Amino acid sequence: MMKAAEELRQDFPILFQEVNDEPLVYLDNAATTQKPQAVLEALEHYYQHDNANVHRGVHTLAERATHAYEASREKIRQFIHAKETAEVLFTRGTTTSLNWVAKSFGDAFIKEGDEIVISYMEHHSNIIPWQQLAKRKKAVLKYIKITPAGYLDMADAQKQITDKTAIVSIAHVSNVLGVINLVAELAAIAHQHGAVMVVDGAQAVPHMPVDVQALDADFYAFSGHKMCGPTGIGVLYGKRQWLEQMEPVEFGGEMIDFVHLQESTWKELPWKFEAGTPNIAGAIALGAAVDYLQAIGMENIHNYEAELVAYVLPKLQAIEGLTVYGPQNPQDHTGVLAFNIDGLHPHDTATGLDMEGVAVRAGHHCAQPLLKYLEVAATARASFYFYNTKADADKLIQAILATKEFFQDGNF
Ligand SMILES: Cc1ncc(COP(=O)(O)O)c(C=O)c1O
């Protein structure tokens, strides 16, 4: 049994404040999540007691810092069920992770005429690195369609992925449609055609159990700050067979074995990819975030968020003139709820909600091709996490109704 959200909230000091004279209701978790006390303490503890550079010193602090940094890598390995820590690279976040794959794997393996298959529901971070790679290599970038009901079109995936495909890269969970994509099936299709499967897990790892081996992902990217960890730290998982054949993206200190005047050799995995002083504090605090999430249980988090969606989605759907994007069945929708209200610009909606203390995002959510596909310029987006309560959901609904009345009655 998971602790109640009301109890878990107590671990997040930031949630206990007023915004515009109203208690804060934080529903922008898809953008970034809040940090529990345990993560804040891990950061502080590191800087107050163990701060030293890693992998370089023999003194006690350096050994402690190195031990904590590598212990965190092991926690992450277990968390995503990678075979070995050599396959877990620390990066700045999902964006960096995907750029590394596009640059390093792309440079090593992509040839003119090869095809890269993504989908219309990708975040810009899972589009632009592939566009750039396609330009560099004269490869072809193709998009899998979305069904009218808001799911990835698996029949179209079967058509788009062919023997010419070298890379398939898809979001595990959409940051706009809130739909969970069938990445294990996509990986199987990709592998049948000799392509690699890259997964953008930014919106999945924080919210549900993820097993990179069960998915048979070749690469899997995610960000610490969306899973209770600090900003500026993230992970790229890659299968050893690929990482070994890939060149580092950056060069310099920490990642070398020997440096000669004209040539150098690299350390073994995973360090050959981690040039320069890494975000040591961030990596250690991400380990603390993993401990915190695992104590709650990822299955519990997933189930609780499903319960919240089953509670709030029908209430949203019942509001006159309000459209929720993505699957309409609560069972197929994660806690990412993008919506629009007829006659209201999403920025006005978000500003109205902020006046009520409710934090949501408005805009294109770094998914302009998707919004074009949906034929909308922007949306508002409420996104839930395990520390949100049904009272938060009620406040969202009440604040939407108040905002609607305010703007639609024209009494401003
Ligand atoms: C699906 C998805 N992919 C990638 C990213 C980029 O993550 P980051 O900005 O942490 O690199 C995000 C962040 O919003 C996202 O939602």
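Residues numbered from 1 in each chain as written. Predicted model: local features only at pLDDT ≥ 70, side-chain atom pairs only at ≥ 80, totals over all residues. Heavy atoms only, no water.

## Some points on the pairing of strand β14 (residues 336-341)
Then step 1. Within β14, six of the six residues are buried, leaving the element largely enclosed by the surrounding structure.
Then step 2. Of the two faces of β14, the one holding V336, A338 and N340 and the one holding L337, F339 and I341 are both buried throughout.
Then step 3. With four bridges joining them, β14 and strand β17 (residues 379-383) adopt antiparallel strand pairing. Bridge pairing in β17 links V336 to S383. (Buried < 20%, exposed > 50% of the residue type's maximum accessible area, 1.4 Å probe, protein only. Helix = DSSP H or I, 4+ residues; strand = E, 2+ residues; numbered from the N terminus. Pairing = 2+ DSSP bridges.)

## Brief notes about the sheet that holds strand β16 (residues 361-363)
Then step 1. If you walk across this open sheet you meet the four strands as β13-β14-β17-β16, and the pairing is antiparallel. At either end of the open sheet lies a strand with only one pairing partner, and these are β13 (322-324) and β16. Looking at each pair of strands side by side, their axes are set apart by 30 degrees on average, direction ignored.
Then step 2. Pairing analysis gives three bridges linking β13 to β14, with the strands arranged antiparallel. If you follow L322 over to β14, its bridge partner there is I341.
Then step 3. Helix α11 (residues 298-317) rests against β13 and β14 of the sheet, and its axis sits at about 140 degrees to β13. (Axes fitted to C-alpha atoms, helices over the stretch in contact; angles between N-to-C directions. Contact = heavy atoms within 4.5 Å.)

## Let's talk about the pattern of salt bridges
Then step 1. Tallied over the entire structure, the rule returns 19 salt bridges.
Then step 2. Note that K395 and E22 form a salt bridge whose closest N and O atoms lie 2.9 Å from each other. In this pair, K395 sits in helix α14 (residues 390-408) while E22 sits in strand β2 (residues 22-23), placing the two residues 373 residues apart along the sequence.
Then step 3. Residue classification places E22 among the partly exposed positions, given a relative accessible area of 25%.
Then step 4. In this structure, E115 and K142 form a salt bridge, with 2.8 Å as the shortest nitrogen-oxygen distance. Note that E115 is positioned in strand β5 (residues 115-119) and K142 in strand β6 (residues 140-144), a separation of 27 residues in sequence.
Then step 5. Here the salt bridges do not stand alone but share partners, grouping E22, E356 and K395 into one network. (Salt bridge = Lys/Arg side-chain N within 4 Å of Asp/Glu carboxyl O.)

## Regarding the nonpolar core
Then step 1. Membership of the largest hydrophobic core comes to 110 residues, with the highest contact counts inside it found for Y220, F386 and L396.
Then step 2. Top contributing element to this core by residue count: helix α10 (residues 280-296), with 12 residues.
Then step 3. Each of domain 1 (5-31 + 297-409) and domain 2 (40-294) contributes no fewer than three residues to this core.
Then step 4. Once you skip the residues sitting within four places of it in the chain, L396 turns out to touch L27, V312, L316, L353, V358, V360, A382 and F384. (Core = buried A, V, L, I, M, F, W, Y, C linked by side-chain atoms within 4.5 Å. Domains from an automatic or database assignment.)

Geometric values such as these leave the question of function open.
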